[in-house]
Amino acid sequence: MFLGKPMTPDTPAFKIKNANLPLFVLHALTADMAQFKLQLDAHLAQAPDFFAAAPVALGLAAIAEADAIPDFTDLSAFMRQRGLAIAGVIGGSARQRQAAADCGLGLFPDARGARRHTASAPEPVPVAESPPAQEAVAAPAAAAPSRRPTLVVDKPVRTGQTVHAEGGDLVVLAIVNAGAELIADGDIHVYAPLRGRALAGARGDTSARIFAQCMEAELVSIAGYFQVFEDGIPASMRSKPVQVLLDGERVTLHPLAPMR
Amino acid sequence: MAKVIVVTSGKGGVGKTTTSASFASGLALRGNKTVVIDFDVGLRNLDLIMGCERRVVFDIINVINGDAALSRALIKDKHCDNLYVLPASQTRDKDALSLEGVGRIIDELKETFDYIVCDSPAGIEHGAFSAMYFADEALVVTNPEVSSVRDSDRILGILAAKSKRAVDGQDPVKEHLLVTRYNPGRVAAGEMLSVEDIQEILRIPLLGVIPESESVLQASNSGTPAIHLDKSDVAEAYKDVVARFMGDGVPMRFITAEKMGLFKRLFGGR
Ligand SMILES: Nc1ncnc2c1ncn2[C@@H]1O[C@H](COP(=O)(O)OP(=O)(O)OP(=O)(O)O)[C@@H](O)[C@H]1O
Ligand SMILES: [Mg+2]
C-alpha cells in the first residue's frame, strides 16, 4: 500500500540532502552513569525543554581514555523516558564505539586526533554553575540563534579556570595558560599566547573559528571535533598567529598571514 | 590599616612555611606589629620553625570554638618583639576552620596588628581556601619547576575568582611572585625554569628570589627562622623581599650563577 502517485522503478523513492540540522552534543564528562543520569535529571528538572526533544549525539571524547563502557541500552531507555533520543555517539574509544553500535546507536564520524580529549579534562561543571533555566530554555532556538554580545576577558585565564561565552563570541586579551579552557558558542579570539584549550562552536556551529595571535594550545575544537597536540603545535605555526577551522570533519590550522 | 597577606602555592613543600616565618619576622624586625597564623590544621609546623612548639597551649580552632580568648592563644616570638604566632591545631579536623570563625579572628587581629601573615597549607582544599579568603595581598611561592608553576597559576585563578575581595567586587588581591629554592647553576644547565620562564607564564610582579640553601634546613631544625641566619644568602634574600614589600627599591640578587672558582670546582661548592 502506498499513498500518492503510483511508484514506478524510476520515480525517485528518496533524495539525499545535506541538512546541517542543529544537533546538540551531550558530552559525558564521567563514565559514572549513575552520576551522569542524576545530574542530567537535575538539569532537565530546571529546563525541561532544554533539548526541545531533538535527538542528541552523545559525546564520549572525555571518557575515551577511561575506556569504561557505559550501559548504552539503559541510557537510551533513560533518555526515551524523558522524551529524548540519542541519535548516536561521537568520539570515544574503539571499544566504546563498538558497544554503542551493538546497542543500535549510530556512530558519528570522529575527527582525527579526537582520541584523547581527556586526562586533565576540566572538572564537570557543577550543576550550580550551569546556566540559569531561562537562558537554557532559550538555547535550542539554534535554528534562529539570537546572538549575544561578545564576551571580552582582559585578565589571564589560568589553570583550572573555564570561561564560557554562551550564544556568542569570546575575545581574550590576556594569556590563556595550560590547563585553562575557553568555550564559545561562536568564535574565539585570543590576542596573547593561547596555551590551554579552546572550544569554538560549542553548540555545533561548524563554521565557528578560533583565532590565536600566539598559538600554543593543548587542544582545539570546532563544533565538537577535537584536535590535540601531543607533540606540540607543528613548528611552522607554533607561537605564531594561527586560525583554526573545520574542513569537513577535520580540524585544520592555518597561518594567519595578512591578505592583500 | 592592617593588611592581610596570604603565603600560598598550591603545591606542597615549596617553602611557604619557611617564607611565612621569615617574612613575618622581617616585617616585625622593621618595627611592624605582626602576627603569623598557621592554617595547616592537622600538620602544624610553623611553631616548629619559629621554635615555639613547646609553648603552644591553645590554637586557632580553640579560639574559633570559643574555648579560649584570642589573646591567650597568641604566642610571643622569642626572636623579635612585635611578632606573635597563632598556631594551628594538630588534633582537630580541618573543617572546624569555618570561614565565619576565621573572619572573626582576623577582624579582631586587625585592631592590634599592622600585618597578618597567613601560612596556607598545600592544595586547593578548604584549609588553603580559608587561608586566602580574607587576603589583601598574596605571596605566591613558586619553585622553578613546571608542576609548581602550574599550581601557582591555579591558585592565582582562585584568588582572582573566589577570594573575598573578588566576591565582594573590591579591588583584586595584590599578587606577588616569590621564587624559592632557586638554583641558578641548575637553571643555567637547563635543569630548572628560570625566573623569566616563570614570569612569562604567571605574569605577576616579582617580589624576590630565595636561593636554594642547606642553611634553611639547619635553621628550621634549630627553630630559628632563616632570616636570622647571619650573613647567609637566604637571610639576605628574605630581607630584600621584606624591603621591597615595604616599598624600598632593592635590586634583585641571587638570580645568576656565581662563577665557580677552580678550587670550588675541584672540591665541590658550599
Ligand atoms: N630556600 C630553600 N633552600 C633549601 N631548602 C628549602 C628552602 N626553602 C624551604 N626549604 C625546605 O623545603 C622543605 C619544605 O619547606 P616548607 O615546610 O617551608 O614548605 P611548605 O610549602 O610550607 O610545605 P607544606 O606544603 O608541606 O606546608 C623543608 O624541608 C625546608 O627546609
Ligand atoms: Mg607549610
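Position labels on residues start from 1 in each chain and follow its written sequence. Written order determines the labels here, with chains lettered from A and ligands numbered from 1. Residue-level local features of this predicted model are given only where pLDDT is at least 70; pairs of side-chain atoms are given and counted only at 80 or more, and the full residue set underlies all totals for whole chains, interfaces and linings. Side-chain measures were taken over the full set of non-hydrogen atoms in the model, leaving aside hydrogen atoms and water.

Undergrad: Whenever I open this one, the overall build of chain B confuses me. Can you help?
TA: Secondary structure elements are defined from DSSP: runs of H or I of at least 4 residues count as helices, runs of E of at least 2 residues count as strands, and each element is numbered from the N terminus. Looking only at helices and strands, chain B has 13 helices and eight strands in total. The buried share of chain B, taken over its 270 residues, is 53%. Look at the contacts in chain B between residues 6 or more apart in sequence, and 74% of them connect residues 24 or more apart. Accessibility here uses a 1.4 Å probe with only protein chains present; expressed as a share of the type maximum, an area under 20% marks a residue as buried, one over 50% as exposed, and anything in between as partly exposed. Residue contacts are counted whenever heavy atoms from the two residues lie within 4.5 Å of one another.

Undergrad: Would you take a moment to explain the sheet that holds strand S10 (residues 197-200) of chain A for this structure?
TA: Strand pairs in the sheet, formed through backbone hydrogen bonds, run parallel or antiparallel to each other. Residue and element names in this part refer to chain A. Within the open sheet, the five strands sit side by side as S6-S8-S10-S12-S13. Their pairing is mixed. Every other strand in the sheet has two partners, leaving strand S6 (162-165) and strand S13 (225-228) as the edge strands with one partner each. Taken pair by pair, the neighbouring strands of this sheet meet at an average axis angle of 10 degrees, ignoring direction. Strand pairing requires that DSSP identify at least two bridges connecting the strands. As paired strands, strand S8 (residues 181-184) and S10 are joined by three bridges and run parallel to one another. Bridge pairing links Leu 182 to Ala 198 in S10. The axes used here are C-alpha line fits, helices contributing only the stretch in contact, and every angle between their N-to-C directions lies in the interval 0 to 180 degrees.

Undergrad: Teacher, can you tell me more about the interface of chain A and chain B here?
TA: Many authors give the size of an interface as the accessible area that is lost as the parts come together. Between chain A and chain B, the contact holds twelve residues from the first and eleven residues from the second. Salt bridges, as used here, are contacts in which a Lys or Arg side-chain nitrogen is within 4 Å of a carboxyl oxygen on Asp or Glu. Taken together, the connections running from chain A to chain B amount to three salt bridges. Whenever a nitrogen or oxygen atom comes within 3.5 Å of another N or O atom, the pair is scored as a polar contact, on the condition that within protein one atom can donate a hydrogen and the other can accept it, and that pairs from neighbouring residues in sequence are kept only if both atoms are in side chains. The interface formed by chain A and chain B includes seven residue pairs in polar contact (both at pLDDT 80 or more). Classifying every residue of the side of chain A that touches chain B gives three nonpolar, five polar and four charged. Note on residue classes: Ala, Val, Leu, Ile, Met, Phe, Trp, Tyr, Cys and Pro are nonpolar, Asp, Glu, Lys and Arg are charged, and everything else, Gly too, is polar.

Undergrad: Would you take a moment to explain the nonpolar core for this structure?
TA: Inside soluble globular proteins, nonpolar side chains tend to come together where they are buried. Residues and elements named next belong to chain B. Of all hydrophobic cores here, the largest spans 48 residues; its most connected members are Ile 60, Leu 109 and Ile 116. The greatest single-element share of this core, amounting to five residues, is contributed by helix H7 (residues 146-162). For Leu 109, the contacting residues outside a window of four places in its chain are Val 35, Ile 37, Leu 70, Leu 74 and Ile 116. We define a nonpolar core as any set of buried Ala, Val, Leu, Ile, Met, Phe, Trp, Tyr and Cys residues linked to one another through side-chain atoms lying within 4.5 Å. If you look at the next biggest cluster of nonpolar residues, it comprises 34 residues, including Ile 49, Tyr 115, Ala 237 and Tyr 238.

Undergrad: Mind showing me how you'd approach the side chain of Ser 25 of chain B here?
TA: Residue and element names in this part refer to chain B. Structurally, Ser 25 can be placed in helix H1 (residues 16-29). What makes Ser 25 buried here is its relative accessible area of 0%. Discounting chain neighbours no more than four positions away, the residues touching Ser 25 are Met 50, Cys 80, Leu 83, Pro 225, Ile 227 and His 228.

Undergrad: What's the story with helix H5 (residues 99-110) of chain B in this structure? I'm lost.
TA: Along an α-helix, a turn takes 3.6 residues, which lines up residues three or four apart on a common side. A helix is expected to span 1.5 Å multiplied by its residue count minus one. Spanning twelve residues, H5 of chain B covers 16 Å between terminal C-alpha atoms, matching the ideal 16 Å at 1.5 Å per step. Of all the residues in H5 of chain B, the buried ones are Gly 101, Val 102, Gly 103, Ile 105, Ile 106 and Leu 109 of chain B.

Undergrad: What should I look at first to understand the sheet that holds strand S1 (residues 3-8) of chain B in this one?
TA: Residue and element names in this part refer to chain B. In spatial order, the strands read S3-S4-S2-S5-S1-S6-S7-S8; together these eight strands make up an open sheet with mixed pairing. Two strands close off the open sheet at either side, each with one partner strand: strand S3 (75-76) and strand S8 (206-211). Judged from the four bridges that link them, strand S2 (residues 34-38) and strand S4 (residues 83-86) form a sheet pairing that is parallel. The partner of Val 36 across the bridge, within S4, is Val 85. Running over the sheet, H5 touches S1, S2, S4 and strand S5 (115-119) and is turned about 150 degrees from S5. With respect to the sheet, helix H12 (residues 233-245) is in contact with S1, S5, strand S6 (137-142), strand S7 (174-182) and S8, its orientation differing from that of S8 by roughly 170 degrees.

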